[in-house]
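# Summary of structural features
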Amino acid sequence: MIISIRSQADSDERAQLMELLCRVIGSRQPVTTTRVDGQDVIVLAGGALDEQACALLEQQAAVERLIPVKTPYQLASRAFKPRGSSFVVGAQTGGNPVTIGSERGAPVIIAGPCSVEGREQILANAAAVKAAGAHILRGGAFKPRTSPYQFQGLGLEGLELLAEARETTGLPVITEVMEPGMVEVVAQYADILQIGSRNMQNYPLLQAAGRNSRQRPVMLKRGFAATIDEWLLAAEYVVAAGNPDVILCERGIRSFDTHTRNVLDLTCVPLLHELTHLPIIVDPSHATGRRELVPVMARAAIAAGADGLILEAHPDPDSALSDGRQTISIEQLEEIVRQASMIAHVMQESGIKQVA
Ligand code: PEP
Ligand code: MN
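Residues numbered from 1 in each chain as written. Chains lettered and ligands numbered in written order. Predicted model: local features only at pLDDT ≥ 70, side-chain atom pairs only at ≥ 80, totals over all residues. Heavy atoms only, no water.

What follows covers the site of ligand 1. Taken together, C114, R138, K143, E176, Q194, G196, S197, R198, K221, R251, H286 and E312 make up the full set of residues adjacent to ligand 1. The side chain of Q194 places a nitrogen or oxygen atom 2.9 Å from an oxygen atom of ligand 1. One of the side-chain nitrogen or oxygen atoms of H286 is found 3.4 Å away from an oxygen atom of ligand 1. The fraction of the free accessible surface of ligand 1 (290 Å²) that becomes covered by protein chains is 97%. Residue classes in the shell around ligand 1 are distributed as one nonpolar, four polar and seven charged. (Near = heavy atom within 4 Å. Polar contact = N/O pair within 3.5 Å; in protein donor to acceptor, adjacent residues only side chain to side chain. Areas by Shrake-Rupley, 256 points an atom, 1.4 Å probe, with all protein chains shown as cover. Nonpolar A, V, L, I, M, F, W, Y, C, P; charged D, E, K, R; others polar.)

Written out as structure tokens, the structure reads:
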């Protein structure tokens, strides 16, 4: 259950409500107060309260309304926010403002190399993905690599290069943050903080990203073996820490077949639209691991109702320092952008809903 607090409620009214809460639920349930979209809310994480307790709470001067939520994730649930979430990225850093989520008409396209490899490469790559129609530039500066002997990214220099690429192209940038202590540094440069698959359940990192002082949105990639509830509870950590702007990114889950790097779980797209108000983006690059499979899975993702795509694209994919096998060319990207907006347009015009 979520209790939304009237914005005009004074401190006495709030104190009275807390007192009543202590009385009706005692120490049986954890109570978290947080601010979401400029409004204070209290999340009661236990089961449903009885009718009498609800009636008492509703009479409180500080209470605007009670929102019953039956799922363990609450602020991330569709029940809390029946209309989908939308937010703008890029405006605060001088990039071109880009809307992500339900209020955006066409799919958002995030594209760029797996890693920032150097100044010339990222500037050329950024200009190329922009010309191909991408709206946001991706590029890893801190790379979570499976082997310690693989290219680990350029670190801080990579962040500076991404900011320069934004300055020259206007594209907002997204890049990964791997540790809580680096959140503020990465937020200084990036428009969106990416939390990678390997860190989906790194709770101190999720909380730090939720608290980031610049209010940068967070793109949370699904863990290799994470259930949808675990993923949504990870998103809940970010929102409960004070940051409502979370994007979920399906990037494939681990299975037994070795033909593809992962298995793209497209079922999660319509399912998530039912369960949560958060925007969902699909990453067919990491999901398939093979560039020839990326275009068709990108089309399928849009047809399934994804709010956008994140694609690894490089002017010379075979020379990429990481994930070259799954990296598409700029020509392929241009074609995917065209097809994605065409499919979304046809769906919109013909009244096909995201969830049947
Ligand atoms: C990436 O986007 O470059 C990345 C490392 O992705 P994931 O966390 O999904 O493996
Ligand atoms: Mn990659």
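Still more to cover.
This paragraph deals with the pairing of strand β14 (residues 308–312). Along β14, five of the five residues are buried, which leaves the element largely enclosed by surrounding structure. Sheet topology places strand β7 (residues 108–112) next to β14; five bridges connect them, and they run parallel. Bridge pairing in β14 places I110 opposite I310. Two strands pair when backbone bridges link them, and strand β13 (residues 280–282) and β14 are joined in this way by two bridges, in the parallel orientation. If you follow V282 over to β14, its bridge partner there is L309. (Buried < 20%, exposed > 50% of the residue type's maximum accessible area, 1.4 Å probe, protein only. Helix = DSSP H or I, 4+ residues; strand = E, 2+ residues; numbered from the N terminus. Pairing = 2+ DSSP bridges.)

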